[in-house]
Amino acid sequence: MDTMELNSEIRIQTGKGAARKLRTAGKLPAILYGAKTDPIMLAMDYKEFNKTLRGRSAENIIFDLTIQGEKKNQSKKVMIKELQKDPVKRDYLHVDLYEISMAKELEVEIPVDLLNTPKGVDQGGILQHIRREVKAVCLPENMVDRIEVDVSDLDIGQTLHIRDISFPPGVRPLDDEDLAVLTVGAPTVTAEIEEGEEVEEGEVEKTEGEDVSSEEGS
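So, a few notes on the structure that sits alongside this text. (Residues numbered from 1 in each chain as written. Predicted model: local features only at pLDDT ≥ 70, side-chain atom pairs only at ≥ 80, totals over all residues. Heavy atoms only, no water.)

So, the sheet that holds strand 10 (residues 147-150)
Backbone hydrogen bonds hold the strands of a sheet together, and the pairing may be parallel or antiparallel. The strand order 10-7-9-12 describes an open sheet built from four strands, whose pairing is mixed. In this open sheet, the two strands that pair with only one neighbour each are strand 10 and strand 12 (172-173). Two elements, strand 7 (residues 106-115) and strand 10, share four bridges in a ladder whose sense is parallel. Counted as the bridge partner of L115 is D150 from strand 10. (Pairing = 2+ DSSP bridges. Helix = DSSP H or I, 4+ residues; strand = E, 2+ residues; numbered from the N terminus.)

With respect to the sheet that holds strand 8 (residues 126-129)
Spatial ordering of the open sheet is given by 8-13-11, a layout of three strands whose pairing is antiparallel. Because the sheet does not close on itself, it has two edges, and the strands there are strand 8 and strand 11 (159-161). Neighbour-to-neighbour, the strand axes of this sheet turn through a mean angle of 10°, independent of strand direction. Bridging between strand 8 and strand 13 (residues 180-185) involves four bridges; their strand directions are antiparallel. Looking at the pairing, L127 lines up with V184 of strand 13. (Axes fitted to C-alpha atoms, helices over the stretch in contact; angles between N-to-C directions.)

With respect to the layout of surface pockets
The space that makes up the largest pocket amounts to roughly 280 Å³. Lining the largest pocket are Y33, G34, A35, K36, T37, Y98, E99, I100, S101, K104, E105 and L106. In the lining of the largest pocket, the residues fall into five nonpolar, three polar and four charged. The computed volume of the second largest pocket comes to approximately 210 Å³. Among the elements of the structure, strand 5 (74-85), strand 7 and strand 9 (133-138) are those that each provide at least two residues to the lining of the second largest pocket. (1 Å grid on protein atoms, 1.4 Å probe; cavity = no way out; pocket = protein on both sides within 12 Å on 5 of 7 lines; lining within 4 Å. Points joined across faces, edges and corners; volume = space filled by probe spheres on them. Nonpolar A, V, L, I, M, F, W, Y, C, P; charged D, E, K, R; others polar.)

A few points about the side chain of R11
You can see R11 is positioned in the loop between strand 1 (3-10) and helix 1 (16-24). D96 provides the closest opposite charge to the buried, unpaired R11, separated from it by 7.4 Å. There is a polar contact of 2.5 Å between the side chain of R11 and the backbone oxygen of L42. (Buried < 20%, exposed > 50% of the residue type's maximum accessible area, 1.4 Å probe, protein only. Lys, Arg positive; Asp, Glu negative; His and termini not counted. Salt bridge = Lys/Arg side-chain N within 4 Å of Asp/Glu carboxyl O. Polar contact = N/O pair within 3.5 Å; in protein donor to acceptor, adjacent residues only side chain to side chain.)

Structural notes on the pattern of salt bridges
The final tally for this structure, using the stated rule, is seven salt bridges. Note that D178 and R163 form a salt bridge whose closest N and O atoms lie 2.5 Å from each other. Of the two residues, D178 sits in the loop between strand 12 and strand 13 while R163 sits in the loop between strand 11 and strand 12, which places them 15 residues apart along the sequence. Through salt bridges with shared partners, a single network forms among D113, D145 and R146.

What to know about helix 2 (residues 46-53)
All buried positions along helix 2 are accounted for by F49, T52 and L53. For helix 2, the buried positions fall inside an angular range of 90° around the axis, keeping them on one side. Facing away from the buried side of helix 2 by over 90 degrees, the exposed positions are K47 and K51. In this structure D45 caps helix 2, since a side-chain oxygen of it lies 3.2 Å from the backbone nitrogen of K47. Positive phi shows up at G55, right after helix 2, with a value of about 75°. (Arc of directions from axis to C-beta.)

Shape is all these values report; function is a separate question.
Here's what the structure looks like:
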């Protein structure tokens, strides 16, 4: 998998006030976690980060992170752990990164993209996309940002399971192979009585609280 470059610098001040000042200055507060290192407080250029992620999902991207220090620069392979956004403006507020090893397998969730329209849908069936992501394990170099599945041959009543998906080389599914990813259900048939149509004898509808018992003997 191709990596993307990301630049950062070490920051000293922490807290909400310091974070607001950074954002006002066009910076994005960040923090880097590592299995064998203490967390490192970082700041990144907001415009550069926004441009890097434009049109992309933040998940399953490997970054070549450069950390500019006072004495020397550091280079690390990282991924995004959490990305906070403003609930209204949708601007980035803070990003958590974590360092990875290119020699160690990762557990990831990979989006499933459906290609084409199932023939069962063309016949009136209802497509139910049950599982939009699949869990898998792989080395970072084998990681993919999505798995594409051609569903054009899926007919009414048929289901696509995990076992039916062709995973890329080096990527192994973690989900149970019998789990359903999508299915094409039968169309729903609704019986309606047209206006003016007579109700057959014996099909009297009983409304709530209405007594439709025989009045014989009254």
